[in-house]
Amino acid sequence: MRIIVDADPGIDDALALYYLRAQPNTEIVAIGTVHGNVPVEQSTANALRLTERLGIKAPVAKGAARPLAQPLMTAEDVHGEDGLGGHAGEDPKTIHTAESAAEQLARLARANPGELSLLAIGPLTNIALALQIEPQLPQLLDKVAIMGGALNVPGNITSYAEANFWHDPEAADLVLQAGFEDLTIVGLDVTMASHAPGEWLEALPHDSYAKRILGFYADFYGSFLGKTGFVPHDPLAAAILLDPSLATYVEDRFAIELTGRYTRGALVADQRFLAEGSPFGRDIGTGRTKAKYAITAETKIFLDQLKHAVTQP
């Protein structure tokens, strides 16, 4: 699989890159960066640092610096001031490309119709902008996996909203209504249930970079959840993109709540099991194509795979 990664590195974004790097017959074709965990300047520098550290030969394009319709908000309390738990290190030696992440995505999709998949593990601003540049993007990409949403569980940044969708709800809704033909959403229903316990972290080599950056992240989750370990949101989305059999799904039409006082950014679906053409109609989905939403995942298999990935030289 040839993959474009859109990310806001971010500790779990780093784990997703570790995961992809370790998989056979998988190529990271390009990386786009976006605001989210940290401002885009920092996420871009981190993406460059990670490609250098991991030996990933892919161009990095800097993306959107702010959401489409709300102020910028970031998450240094989760990922550290530098986005990598205080271990970002020296400035990268490489530089980002001249084109934006949205331009890069649109150009590569046009040049390789049906050949590239997209892993979006940050706010979806770049993807929404790419849709304005290339309206045929949903037909040009092969598979799309998004880390976002909390359908049947509480949110993690508000009571109802998951962080990636909350950081740019308008962009997320544009993407969900764009008509991607093979779209999978990996949300908190499965990522929170895939919690890696403290024993998993302790088993990593003491001097490994993954273990160092995960220290800050695990401290946050310890205070948040009251137990040791961390939640591997982004690498689980990467794993499910590569191997859909790792999860089970519901299929529906999805939208993002944009106006709710308490629910802005929440992922919503009409789950009434109405037949197509039902006289009761559907609250959600007119004109939208269906997407898959992961509801269970093979946690042990995935965590074993992730441990193998982050311990590779």
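For the structure itself, consult the block above.
Just so you know, these numbers come straight off a predicted model, no measurement behind them.

About the cut-offs
Residues numbered from 1 in each chain as written. Predicted model: local features only at pLDDT ≥ 70, side-chain atom pairs only at ≥ 80, totals over all residues. Heavy atoms only, no water. Helix = DSSP H or I, 4+ residues; strand = E, 2+ residues; numbered from the N terminus. Expected span 1.5 Å × (residues − 1). Buried < 20%, exposed > 50% of the residue type's maximum accessible area, 1.4 Å probe, protein only. Arc of directions from axis to C-beta. Contact = heavy atoms within 4.5 Å. Patch = residues over 30% accessible without salt bridge, like charges linked within 9 Å, V, L, I, M, F, W, Y side chains within 5 Å. Areas by Shrake-Rupley, 256 points an atom, 1.4 Å probe, with all protein chains shown as cover. Salt bridge = Lys/Arg side-chain N within 4 Å of Asp/Glu carboxyl O. Core = buried A, V, L, I, M, F, W, Y, C linked by side-chain atoms within 4.5 Å. Phe/Tyr/Trp six-rings, centres within 6.5 Å; stacked < 30°, edge-to-face > 60°.

Trainee: Would you mind showing me how to read helix H13 (residues 299-310) here?
Mentor: It helps to recall that an α-helix has 3.6 residues per turn; residues three or four apart then point in one direction. Between its first and last C-alpha, H13 extends 16 Å over twelve residues, near the 16 Å set by a 1.5 Å rise per residue. Within H13, burial applies to Phe302, Leu303, Leu306, Ala309 and Val310. End-on view of H13: buried residues confined to an arc of 120°, all on one side of the axis. Those residues of H13 hidden inside the fold are in contact with helix H1 (11-22), helix H10 (198-202), helix H11 (209-225) and helix H12 (233-242).

Trainee: Could you clarify how one ought to interpret unusual backbone geometry in this entry?
Mentor: Note: most residues except glycine have negative phi, and most peptide bonds are trans. Across the junction of proline 9 and glycine 10, the peptide omega takes the value -10°, indicating a cis bond. Its place among the elements puts glycine 10 in the loop between strand E1 (2-7) and H1. Backbone geometry places asparagine 25, a non-glycine residue, at a positive phi of 55°. The topology assignment puts asparagine 25 in the loop between H1 and strand E2 (27-33).

Trainee: Before we go on, may I ask you to explain a nonpolar patch on the surface in this structure?
Mentor: On the surface, a nonpolar cluster with roughly 200 Å² of combined accessible area is contributed by Leu68, Leu129 and Leu174. Note on placement: leucine 174 falls in helix H8 (residues 169-176).

Trainee: What should I look at first to understand the nonpolar core in this one?
Mentor: One recurring pattern in soluble globular proteins is that nonpolar side chains are buried together. Counting residues in each nonpolar core, the largest one holds 59 residues, and the members touching the most others are Val5, Leu119, Trp200, Leu214 and Phe230. Counting residues per element, this core draws most heavily on H1, at eight residues. Aside from chain neighbours lying at most four places away, what touches leucine 119 is Ile3, Ile4, Val5, Asp6, Leu20, Ala145, Ala237, Ala238 and Leu241. Core analysis: the second largest hydrophobic core is formed by 35 residues, Val29, Leu124, Phe180 and Leu183 among them.

Trainee: Can you walk me through the packing of aromatic side chains in this structure?
Mentor: The description of two aromatic rings rests on the distance between their centres and on the angle between their planes. Across all of its chains, the model carries eight aromatic pairs by this definition. Judged by centre distance (5.0 Å) and plane angle (80°), the rings of tyrosine 217 and tyrosine 221 are edge-to-face. Of this pair, tyrosine 217 and tyrosine 221 both sit in helix H11, four residues apart, roughly one helical turn. By relative accessible area, tyrosine 221 is classed as buried at 4%. Taking the centre distance of 5.9 Å and the plane angle of 65° together, the rings of tyrosine 221 and phenylalanine 224 count as edge-to-face. Note that tyrosine 221 and phenylalanine 224 are positioned in helix H11 at a spacing of three residues, about one turn of the helix. By relative accessible area, which is 39% here, phenylalanine 224 ends up partly exposed. Among the aromatic side chains, those forming a connected cluster through ring pairs are Trp200, Tyr217, Phe220, Tyr221, Phe224 and Phe230.

Trainee: It is not clear to me how the side chain of arginine 49 should be interpreted in this structure. Could you clarify?
Mentor: Tracing the backbone through its elements, the reader meets arginine 49 in helix H2 (residues 40-54). When residues no more than four places from it in sequence are discounted, the contact partners of arginine 49 are Gln42, Ala88, Gly89, Glu90, Asp91 and Pro92.

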